[in-house]
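# A closer look at the structure
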Amino acid sequence: MSFAIFLDVDGVLNTRKTVIASPDGHIGVDCTRIGILAGAIKKYGGGALVLTSDWKNVRIGDDLNYLREKLMEHGLEISAMTEDHFNKRGQGIMNYLDTHPEIDEYVVLDDNRFDFDDFSKLWERLLITGGIENAAFASKTPAVEAILFREYIKELS
Ligand SMILES: [Mg+2]
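Model, not experiment: these values are computed from the prediction.

## Brief notes about the overall build of the protein chain
For the protein chain, the helix and strand inventory stands at 6 helices and 6 strands. For the protein chain, whose C-alpha radius of gyration is 14 Å, the value lies close to the compact-globule estimate of 15 Å for 157 residues. For the C-alpha atoms alone, the extent of the protein chain along its principal axes is close to 40 × 35 × 25 Å. Here the contacts in the protein chain between residues at least 6 apart in sequence split such that 62% fall between residues at least 24 apart. Total accessible area computed for the protein chain in this model is approximately 7800 Å², and 50% of it derives from carbon and sulfur atoms. For the protein chain, the distance from the average site of its 17 positive side-chain charges to the average site of its 26 negative ones is 6 Å.

Pasting the structure below:
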């Protein structure tokens, strides 16, 4: 079994109300929210963090280093990043899954819908967030992974 978490940052590890600034002066990330993420992953039995957020493209340098440091404080490490074009974030995840057949369970954390509903497997594993503590199923028929992961988030929030 190999579990992966496809992670957006803005709207998951922060909200518009977050007052912490990143090194480059953008909205930073909240330690409490990273703690919830780390706790949920631990309860799940561990998993690989794959960054889908546009932090991977437009926040390279000090901000990405800062994100890595903040995650590391909770024992988390970004293991990979997806590649996507023109906000086709779902397609980027599908491409990643194609090249990583070992991943048989995964969830998608994001505050936006992008093209996710083009792919039923992603839609069923998508938790739409308003800050990670507010995670709602995108699908009316969520996958078991999404049900479990959301339950763990709720327990930790
Ligand atoms: Mg976002």
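Following the structure, the description resumes.
## Observations regarding unusual backbone geometry
Notably, Phe114 is not glycine yet its phi reads approximately 40°, a positive angle. By secondary structure assignment, the location of Phe114 is in the loop between strand S4 (105–110) and helix H5 (120–123).

## Quick notes on the packing of aromatic side chains
Under the definition given, this model contains 8 aromatic pairs. An angle of 10° between the planes, with centres 3.7 Å apart, marks the rings of Phe3 and Tyr44 as stacked. With Phe3 in strand S1 (residues 3–7) and Tyr44 in helix H1 (residues 31–44), this residue pair connects regions lying 41 residues apart in the sequence. A connected cluster of aromatic rings, assembled from ring pairs, spans Phe3, Tyr44, Phe149 and Tyr152. Over the ring of Phe137 we find Arg150; its NZ or CZ atom is 4.7 Å from the centre of that ring.

## Regarding the layout of surface pockets
Within this model, the largest pocket holds a volume of roughly 210 Å³. Lining the largest pocket, in full, are Asp10, Gly11, Asn14, Thr15, Arg16, Ile27, Asp111, Thr129, Gly130 and Gly131. Across the lining of the largest pocket, the residue classes break down as 1 nonpolar, 6 polar and 3 charged.

## Topic: the coordination of the magnesium ion
At 2.0 to 2.2 Å from the magnesium ion lie its protein donor atoms, namely Asp8 (OD), Asp10 (O) and Asp111 (OD). When the donor residues of the magnesium ion are listed from N- to C-terminus, their spacing reads D-x1-D-x100-D. In this pair, Asp10 is assigned in the loop between S1 and H1 and Asp111 in the loop between S4 and H5, connecting sequence segments 101 residues apart. Taking the relative accessible area as the measure of exposure, Asp111 reaches 28% and is therefore partly exposed.

## Let's talk about the nonpolar core
Counting residues in each nonpolar core, the largest one holds 32 residues, and the members touching the most others are Ile5, Leu13, Leu37, Leu67, Leu109 and Phe149. Within the second largest apolar cluster, 17 residues are counted, among which are Ile93, Leu97, Ile103 and Ile128.

## So, H1
Here H1 contains 14 residues, and its C-alpha end-to-end distance of 20 Å stays within 8% of the 20 Å for a straight helix at 1.5 Å per residue. On the buried face of H1, the contacting elements are S1, strand S2 (48–51), helix H3 (62–72), S4 and helix H6 (144–156). Once H1 ends, the next one or two residues include Gly45, with phi positive near 105°.

Calculation notes
- Residues numbered from 1 in each chain as written.
- Predicted model: local features only at pLDDT ≥ 70, side-chain atom pairs only at ≥ 80, totals over all residues.
- Heavy atoms only, no water.
- Helix = DSSP H or I, 4+ residues; strand = E, 2+ residues; numbered from the N terminus.
- Rg over C-alpha atoms; globule rule 2.2 N^0.38 Å.
- Contact = heavy atoms within 4.5 Å.
- Areas by Shrake-Rupley, 256 points an atom, 1.4 Å probe, with all protein chains shown as cover.
- Lys, Arg positive; Asp, Glu negative; His and termini not counted.
- Charge placed at Lys NZ, Arg CZ, Asp CG, Glu CD.
- Phe/Tyr/Trp six-rings, centres within 6.5 Å; stacked < 30°, edge-to-face > 60°.
- Lys NZ or Arg CZ within 6 Å of the ring centre and 35° of its normal.
- 1 Å grid on protein atoms, 1.4 Å probe; cavity = no way out; pocket = protein on both sides within 12 Å on 5 of 7 lines; lining within 4 Å.
- Points joined across faces, edges and corners; volume = space filled by probe spheres on them.
- Nonpolar A, V, L, I, M, F, W, Y, C, P; charged D, E, K, R; others polar.
- Donors = N, O, S within 2.8 Å, 3.2 Å for Na, K, Ca; no water.
- Buried < 20%, exposed > 50% of the residue type's maximum accessible area, 1.4 Å probe, protein only.
- Core = buried A, V, L, I, M, F, W, Y, C linked by side-chain atoms within 4.5 Å.
- Expected span 1.5 Å × (residues − 1).

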